[in-house]
Amino acid sequence: MTDTSPVTLEDVRSAAARIEGVAHRTPVLRSRTLDALVGAEVFLKCENLQRIGAFKFRGAYNAASRLTPEQLAKGIAAYSSGNHAQAVALAARELGTTAVILMPEDTPKSKMDATAGYGAEIVTYDRYTGDRVAIGEALAADRGLALIPPYEHPHVIAGQGTAALELIEEVGELDALVVPVGGGGLIAGSATAAKGLTPAIRVIGVEPEAGDDTRRSLEAGRRVSIPVPRTIADGQAADIPGELTFSINRRLVDEIALVTDDQIREAMRLAFERMKIVIEPSGATPLAALLAGRIAPIPPRVGVIVSGGNIGARRFAELCGG
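Residues numbered from 1 in each chain as written. Predicted model: local features only at pLDDT ≥ 70, side-chain atom pairs only at ≥ 80, totals over all residues. Heavy atoms only, no water.

Student: It is not clear to me how the layout of surface pockets should be interpreted in this structure. Could you clarify?
Tutor: It is the rolling of a water-molecule-sized probe over the atoms that shows where space remains empty. Looking at the largest pocket, its volume works out to about 870 Å³. Lining of the largest pocket is provided by 46 residues; of these, Arg132, Pro150, Tyr151, Gly183 and Ala238 occupy positions nearest its centre. At the level of secondary structure, the elements contributing two or more residues to the lining of the largest pocket comprise helix H5 (83-94), helix H7 (132-143), helix H10 (185-197) and helix H14 (281-291). Here the lining of the largest pocket is built from residues that sort into 18 nonpolar, 16 polar and 12 charged. Roughly 230 Å³ of internal volume is contained in the second largest pocket. Around the second largest pocket, the lining is made up of 16 residues, and of these Pro108, Thr231, Ile232, Asp234 and Arg315 lie nearest the centre. The class makeup of the residues in the lining of the second largest pocket is 8 nonpolar, 2 polar and 6 charged. (1 Å grid on protein atoms, 1.4 Å probe; cavity = no way out; pocket = protein on both sides within 12 Å on 5 of 7 lines; lining within 4 Å. Points joined across faces, edges and corners; volume = space filled by probe spheres on them. Helix = DSSP H or I, 4+ residues; strand = E, 2+ residues; numbered from the N terminus. Nonpolar A, V, L, I, M, F, W, Y, C, P; charged D, E, K, R; others polar.)

Given below as structure tokens:
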């Protein structure tokens, strides 16, 4: 790390070398129908096809693989609404250690089952009354575990940025990059990679209307807390941006677009019907913003980070009207 930024392009490149052969190099999909609807060339980086079904494996493995042998011997802890939980559980298994994951008790069953399936021990809490950071830190301290937070960690952020790095390496320069925003780790890493490669690129974050903590924070110039959001985009139900991620995003993110739950559903439906891919609500928010005209003007070449696809068949059908 450098003195000028907690995460640099070189950190992202280092993470890319570390996860190579362990994480998938996910495909980039195109659709003439999508291009026509949006009025631009759109390149979807499909992290829904990543291991554990989401981008989170990149950052989790990059961070976990840098722990000392002594730390790995004791095990890893994490707190997460689902995707980071699965990512840390799988990273721990890959590295021959154990994981204990703190999860909200209302986490979608598919995500909780998948986390347990990777061998993790699950501890639950009430996300509307409990402080997951405080509970998670206490859990890790009590058991002597190395804590890997979902976004407040430079190695996690650098790992997440490898998705944008791969996208731009594959398709060339982009005019804009559109990224979902929860705690801010994915967009912080993505913006670091994208602006490091192409300083003039527009980096656009997308949040659900009910969970616009990052938009409010960027407008205020400081971290703003909101009530815990109630939205179908459970992976973006953050109530305040991370301190580390916000320090990066306030420098590198150009704007935040907001989308409704109905617009998210429409994006999920279009991706399924036209492109034959399953996207979870949080992963669909950037596509929803493009389809709903929430980004203007539309740049000629737009990259989209489709962050994940972890949703059960029944829940997908409920949301998309099946």
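Student: Can you walk me through the pairing of strand S2 (residues 41-46) in this structure?
Tutor: Successive side chains on a regular strand alternate, one facing one side of the sheet and the next facing the other. Burial analysis of S2 places 5 of its 6 residues in the buried class, which makes it a mostly covered element. As judged from the 6 bridges shared by S2 and strand S10 (residues 301-306), these two strands associate in the parallel manner. Pairing of Cys46 across the sheet is with Val306, part of S10. (Buried < 20%, exposed > 50% of the residue type's maximum accessible area, 1.4 Å probe, protein only. Pairing = 2+ DSSP bridges.)

Student: Any chance you could explain the nonpolar core here in plain terms?
Tutor: For soluble globular proteins, the rule of thumb is that nonpolar side chains tend to be buried together. Formed by 35 residues in total, the largest nonpolar core has its most connected members in Leu34, Leu44, Met268 and Val304. With 6 residues, the single largest contributor to this core is helix H13 (residues 261-275). (Core = buried A, V, L, I, M, F, W, Y, C linked by side-chain atoms within 4.5 Å.)

Student: Is there a simple way to think about the packing of H5 against helix H6 (residues 109-117) in this case?
Tutor: When two helices pack together, their arrangement is given by the angle between their axes and by how far apart the axes lie. Direction vectors running N to C along H5 and H6 enclose 10°, while the axes themselves pass 8 Å from each other. The angle between H5 and H6 places the two elements in the roughly parallel class. Here Asn83, Ala85, Gln86, Ala89 and Arg93 of H5 lie close against H6, whose contacting residues are Lys111, Ala114, Thr115 and Gly117. Residue classes in the contact of H5 with H6 are distributed as 3 nonpolar, 4 polar and 2 charged. (Axes fitted to C-alpha atoms, helices over the stretch in contact; angles between N-to-C directions. Parallel < 35°, antiparallel > 145°, perpendicular 65-115°, else oblique. Contact = heavy atoms within 4.5 Å.)

Student: Just checking my understanding: could you explain the sheet that holds S10 for this structure?
Tutor: Within a sheet, each strand pairs with its neighbour through backbone hydrogen bonds, oriented either parallel or antiparallel. Across the sheet, 6 strands lie side by side as S1-S2-S10-S7-S8-S9; this open sheet has mixed pairing. The sheet terminates laterally at strand S1 (28-29) and strand S9 (255-259), the two strands that pair on one side only. Pairing analysis gives 3 bridges linking strand S7 (residues 176-180) to S10, with the strands arranged parallel. When the bridges of S10 are listed, Ala176 appears paired with Val302. The strands that H13 touches are S1, S2 and S9; relative to S9, the one it contacts most, it runs at about 85°.

Student: How should I be thinking about the pairing of strand S8 (residues 202-208) in this particular structure?
Tutor: In terms of residue burial, S8 counts as a mostly covered element, since 7 of its 7 residues are buried. Both faces of S8 are covered, namely the face carrying Arg202, Ile204, Val206 and Pro208 and the face carrying Val203, Gly205 and Glu207. Sheet analysis places S8 next to S9, joined by 5 bridges and oriented parallel. From the neighbouring strand, Glu207 faces S9, where its bridge partner is Leu258.

Student: For this particular structure, what's the right way to read H14?
Tutor: For an α-helix the count is 3.6 residues per turn, leaving residues at separations of three or four pointing the same way. Counting buried positions along H14 yields 10 of 11 residues, so the element is predominantly enclosed. Within H14, burial applies to Pro281, Ser282, Gly283, Ala284, Thr285, Pro286, Leu287, Ala288, Ala289 and Leu290. Within two residues after H14, Gly293 carries a phi angle of roughly 70°, on the positive side.

Student: Explain the pattern of salt bridges to me, please; I cannot follow it from the model alone.
Tutor: Pairing between side chains of opposite charge can happen when their charged atoms approach one another. The full count for this structure, using the stated rule, is 21 salt bridges. Here Arg301 ties to Glu41 by a salt bridge, and the two come within 3.9 Å at their closest N and O atoms. Taken as a pair, Arg301 in strand S10 and Glu41 in strand S2 lie far apart in primary sequence, 260 residues in all. Overall, the relative accessible area of 34% leaves Glu41 in the partly exposed class. The shortest N-O distance in the salt bridge between Arg58 and Glu47 comes to 2.7 Å. Taken together, the positions of Arg58 in helix H3 (residues 56-64) and Glu47 in the loop between S2 and H3 put the pair 11 residues apart, joining distant regions of the chain. Considered together, Arg58 and Glu47 belong to a single accessibility category, that of buried residues. Here the salt bridges share partners, and the residues they tie into one network are Arg30, Asp35, Glu41 and Arg301. (Salt bridge = Lys/Arg side-chain N within 4 Å of Asp/Glu carboxyl O.)

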